[in-house]
Amino acid sequence: MAAALEQIPTWTEIRKDLQYRIVEQISDLVGSGTKTAGARRFFAWVAAAATEDAEWTKSYLANDDRDVDDLATIRRVHRCIASWTTALLETKKWKSTSVRAQRNHLLTAIDRLREIDENSFPLIDPRLMPLGAHKDSTGRRSLGELDWKEFENLDPSRRDATGIAILRAAALEIFKRYEKIYAFGQRILHEPAPTQNTARHDIRTLIEDEIASWSTHGYSQFSQSWGEEKSAVIVSLANPAVWQGLGLDIEFKTDQLQFTLVADLILSCIAPTYRLNQAIHTIFCCDTGWNRQPIQYLPAQPFAYRTDKEIFIGSNRVLASLKNRAGHVVHADPSNAELIRGLAATNFSSEWDDLSASLKVEKGDELFRLDLKSELLDLLQRYQAMQTLSRSWTNEKTKDLFFYALSQRAIGVQVADRDIGILMPADSPFKRPGVNFSAIRKSFLNSMSSAGLEPSFISEIAGHRSGNILQQHYIIGAQATRTYEEPARFWQGCIQEILLNDKIAFKLSIPDKNREWFRMFGVLTGITAACGLEQMELDGEVTDDYIFVPNQKNYIDLFLAHKGVKQQRYQVSQHRWEVQGEALLGIIKGYGRQLSGKQLGREYRTAARIANAKIKSGELTVPLMLEI
C-alpha cells in the first residue's frame, strides 16, 4: 500500500482501475500538471487500498444517482479524505505541510468539477478534516552541512563559501551557454545567409516561425502538432555537428538531439528559457542571499536609484515602500537612470537605510546595494538584452516581472518559480540532495558570520530582526564567541566591579587598573544606572558649550557628527551600537528636527554641501563619533 501512495500514477492507469464517469470527468478537467499529484494519489489510493473507506468511495463513484446534500454522505466523504491523508502521514514519506498541500490539490480539483456538475461531490470543508499538529519539519541545512567530495580535508569554516562558489560557477556556465545560443540565433536571423546552406536556412525558418507563433498566438509552435515536412526538418537538425558547423560554440552531451532539445535550442535563440532563468536566479541568490520568492518575482523595474559607485535594488514591496515614504522615482534601466551625487546621494542612502531598518520582515521584503562594477549587475543587463523580442509576449502573470521563461508547452510565457534543479543537467551540482535556495541563503549568511561581519549587518542582509533566529541559524564559530561570550564577560566584569568592595578585590588580586576600566564603562554603558546605584554628578554648571547656536560652523559640525555616526553603524559591535550609536543618532536627529521646525533647513543643507566639498578636497575628515 505504501508503494502505491509513493508513486504518482497517470490518469490512464487510474481510469483503467476506476472506470467511472466521475473519474473520467475529473481527469479531463485537471490534467496532469504539477499541482494534480494530490488528486491522482487520492484516486490511486481508492483503487488500491483494501480499507472500508476506500471501498465505500468506490461505491460512491459508481453511483451516478448520488445525493450530495445528504448529511450522512457529506460526513462520509470527509471521513474518506481524512483516511487518505492519515495513510499518507503514516508512510513517513511526506511532511504534514506536503500532505496538506496534496489535500488542497484534491479539494481544488473537486471544486472545479462541482462548477460543471454539482452532483459530483458535496461541498467539502477542510476544517472538518483537521490534520492536527505535526512537528515533523526540520530546518533547512546549509551547503556546508552536506556531504560533498569537494569538502574533503577542507576547513569547516570554508565549507559554506566553497559550496556557494561551486553552485555559482555551475550556474554561470549555464548562463553563458544560453547566451551563446541566443547570440547564435540573432546572427542566423540578421546576417546574410550563404547560398546552398540548407541547415542554416532550416534553422532560420524555424526561428522565424517561432517568432510568428509567439507574436500571433502567444505560445510556441512546438506546443502544437506539425506536419511531416517540419518533422523532417527537425530530424535533420538532430545532429549536434550541424549546429557546431554553423558556428554555435557549445558542447553537447549526446550525439543525437531529441525533438525537445531541438525545440529548446530554437526557443533559446529568441528569448530566455526555464533553465536560463534558474541559472540567473541561482547567481542572484549566491550574491545577495535573498529569499527565493523575491528573486523569482523581481519587478520589471527593480532599480531604485544609483550613485557614482552603486545601484540600489529592491523587491516589489520595498520599492512600493520607498515611493510611499519619499515619493522617489524608480528607474527601470541602471544605464539610463539619473545619476545622484553629493548631498542628494547621502539623503537617498539615509532614506534607504531607514527603510531597511523599519520594514516589516516578510519574505517579500528584500533590498541590496550593488556595486556598479559587480558581475551580477552586468549579468542582469545581459539577461535583459535577451528579452528584446519577448517582452511584448508577456501575459498578465509575467508582464510586471523582471524574470520570465518561454515554454515549449501551450502555456505561454511562464514564471520560473520552482526550486533549483528543475530541468537542470543531470550531472550538475544542482541535482545533489539538499541543494535549494534555502540552503544557499543559509550558507551565504553563515559565510558572512565566518568572515567576522557584525550581527547587526547580517541582520540587515537576512531581514531578521530577531536575535534568536540569528543566534540559532547564522551566527557561528568565532563570530558566535565575539557576539555572545565576549559581551557576557564584559557584563560580568562591570557587575563584579559594582558588587565587590575594596577588601574583597584586594584578596582576589584584581588590579586597580582593571577596576577603573570596568567602573568607567559601567557608567558609560548604563549598567551602573540599571543596577540602581547613584549616577556620577557633573562638577560645575552647564556652560555655553552645551547650547546649539545656529551658525554655519555648528551646522557643519552637526552634519559631520551625523555622517560620522552613520558611517560607523557596521564598524562597531551590535551591543556598542545599541548602547551608544542609537542614542547619539537620536540626539543628532533631534537637533535636525528642531532646525526644520524653525525653518532653518535651507541653511543646514547649504552648510552640508560645503562640508561635503571639504571632505572630498581633504580639508575635513569625518570624525569617529563612537571612539572612546
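Because the structure is a prediction, the values reported are computed rather than measured.

### Let's talk about the overall build of the protein chain
Scanning the protein chain for helices and strands turns up 27 helices and five strands. Taking all 628 residues of the protein chain together, 44% fall into the buried category. At a minimum sequence separation of 6, the contacts of the protein chain that also span at least 24 residues come to 68%. When the accessible area of the protein chain is evaluated, it comes to approximately 33,900 Å², of which 50% is carbon and sulfur surface.

### Notes on the sheet that holds strand E3 (residues 367–371)
Paired through their backbone hydrogen bonds, the strands of a sheet run either parallel or antiparallel. With respect to topology, three strands assemble into an open sheet ordered E1-E2-E3, the strand pairing being antiparallel. Either end of the sheet is taken by a strand with one partner, and the two such strands are strand E1 (303–306) and E3. Across the sheet, the axes of successive neighbouring strands diverge by a mean angle of 20°, strand direction being ignored. Seen against the sheet, helix H17 (residues 375–385) touches E1, strand E2 (310–314) and E3 and runs at an angle of roughly 95° to E3.

### Re the pattern of salt bridges
Scanning the model with the defined rule gives 21 salt bridges in all. A salt bridge links Arg292 to Asp419, with the shortest nitrogen-to-oxygen separation between them at 3.5 Å. Placement of Arg292 in helix H14 (residues 292–296) and of Asp419 in the loop between strand E5 (413–414) and helix H18 (437–450) is noted, with a sequence separation of 127 residues between them. Classification of Asp419 by relative accessible area gives buried; the value is 18%. Several salt bridges converge on common partners, so that one network encompasses Glu52, Asp53, Arg76 and Arg79.

### Structural notes on helix H3 (residues 21–30)
Inspection of H3 places Ile22, Val23, Ile26, Ser27 and Val30 among the buried residues, and these make up the whole buried set. Burial along H3 is one-sided: seen end-on, the buried residues are contained in an arc of 130°. Elements in contact with the buried residues of H3: helix H2 (11–17), helix H4 (37–48), helix H5 (52–62) and helix H7 (96–116). Directly beyond the C-terminal end of H3, a positive phi value near 70° is found at Gly31.

### Brief notes about the packing of helix H8 (residues 159–190) against helix H12 (residues 259–268)
Two elements in contact, H8 and H12, have axes separated by 8 Å at closest approach and are oriented at 75°. Accordingly, the angle class assigned to the pair H8 and H12 is roughly perpendicular. Of the residues in H12, those in contact with Tyr178, Ile181 and Tyr182 of H8 are Asp264, Leu265 and Ser268. For the contact of H8 with H12, the per-class residue count stands at four nonpolar, one polar and one charged.

### Details of the side chain of Thr398
Looking at the secondary structure, you find Thr398 in the loop between H17 and strand E4 (405–406). Of note is the side chain of Thr398, whose polar atom sits 2.8 Å from the side chain of Asn395. Residues within four places of Thr398 in sequence aside, it is in contact with Arg391, Tyr404, Val413, Gln414 and Val415.

### Description of a negative patch on the surface
Among the surface-exposed residues, Asp65, Asp67, Asp69, Asp70 and Glu118 lie close enough to one another that they form a single negatively charged patch. You can call Asp70 partly exposed: its relative accessible area is 32%.

### Concerning the confidence of the model for the protein chain
Summarising the model, the protein chain shows a mean pLDDT of 79, and 77% of its residues fall at 70 or more. Between the elements of the protein chain, mean pLDDT differs from a low of 49, seen in helix H20 (residues 467–473), to a high of 94, seen in H8. Every residue in residues 465–471 scores below 50 in pLDDT, and together they form 17 contacts with partners more than four places removed in sequence or on other chains.

### Regarding the side chain of Asn554
One can find Asn554 in helix H25 (residues 552–567). According to the relative accessible area criterion, Asn554 is buried, its value standing at 17%. Excluding anything up to four places from it in sequence, Asn554 contacts Phe548 and Val549.

### Thoughts on the nonpolar core
Core analysis: the largest hydrophobic core is formed by 80 residues, its most contacted members being Trp243 and Leu380. Residue contributions to this core peak at 14 residues, all from H8. When near neighbours in sequence (up to four residues on either side) are disregarded, Leu380 contacts Ile280, Phe284, Phe303, Ile313, Leu370, Phe402 and Phe403. Judged by nonpolar contacts, the second largest core, of 34 residues, contains Phe43, Ile81, Phe121 and Leu131.

### Side note on the pairing of E2
The element E2 is extensively covered by neighbouring structure, given that four of its five residues are classed as buried. In this sheet, E2 lies alongside E1 in antiparallel orientation, the contact comprising three bridges. Within E2, the residue paired with Tyr305 across the bridge is Phe312.

Rules and cut-offs
- Residues numbered from 1 in each chain as written.
- Predicted model: local features only at pLDDT ≥ 70, side-chain atom pairs only at ≥ 80, totals over all residues.
- Heavy atoms only, no water.
- Helix = DSSP H or I, 4+ residues; strand = E, 2+ residues; numbered from the N terminus.
- Buried < 20%, exposed > 50% of the residue type's maximum accessible area, 1.4 Å probe, protein only.
- Contact = heavy atoms within 4.5 Å.
- Areas by Shrake-Rupley, 256 points an atom, 1.4 Å probe, with all protein chains shown as cover.
- Pairing = 2+ DSSP bridges.
- Axes fitted to C-alpha atoms, helices over the stretch in contact; angles between N-to-C directions.
- Salt bridge = Lys/Arg side-chain N within 4 Å of Asp/Glu carboxyl O.
- Arc of directions from axis to C-beta.
- Parallel < 35°, antiparallel > 145°, perpendicular 65-115°, else oblique.
- Nonpolar A, V, L, I, M, F, W, Y, C, P; charged D, E, K, R; others polar.
- Polar contact = N/O pair within 3.5 Å; in protein donor to acceptor, adjacent residues only side chain to side chain.
- Patch = residues over 30% accessible without salt bridge, like charges linked within 9 Å, V, L, I, M, F, W, Y side chains within 5 Å.
- Lys, Arg positive; Asp, Glu negative; His and termini not counted.
- Charge placed at Lys NZ, Arg CZ, Asp CG, Glu CD.
- pLDDT = per-residue confidence, 0-100.
- Core = buried A, V, L, I, M, F, W, Y, C linked by side-chain atoms within 4.5 Å.

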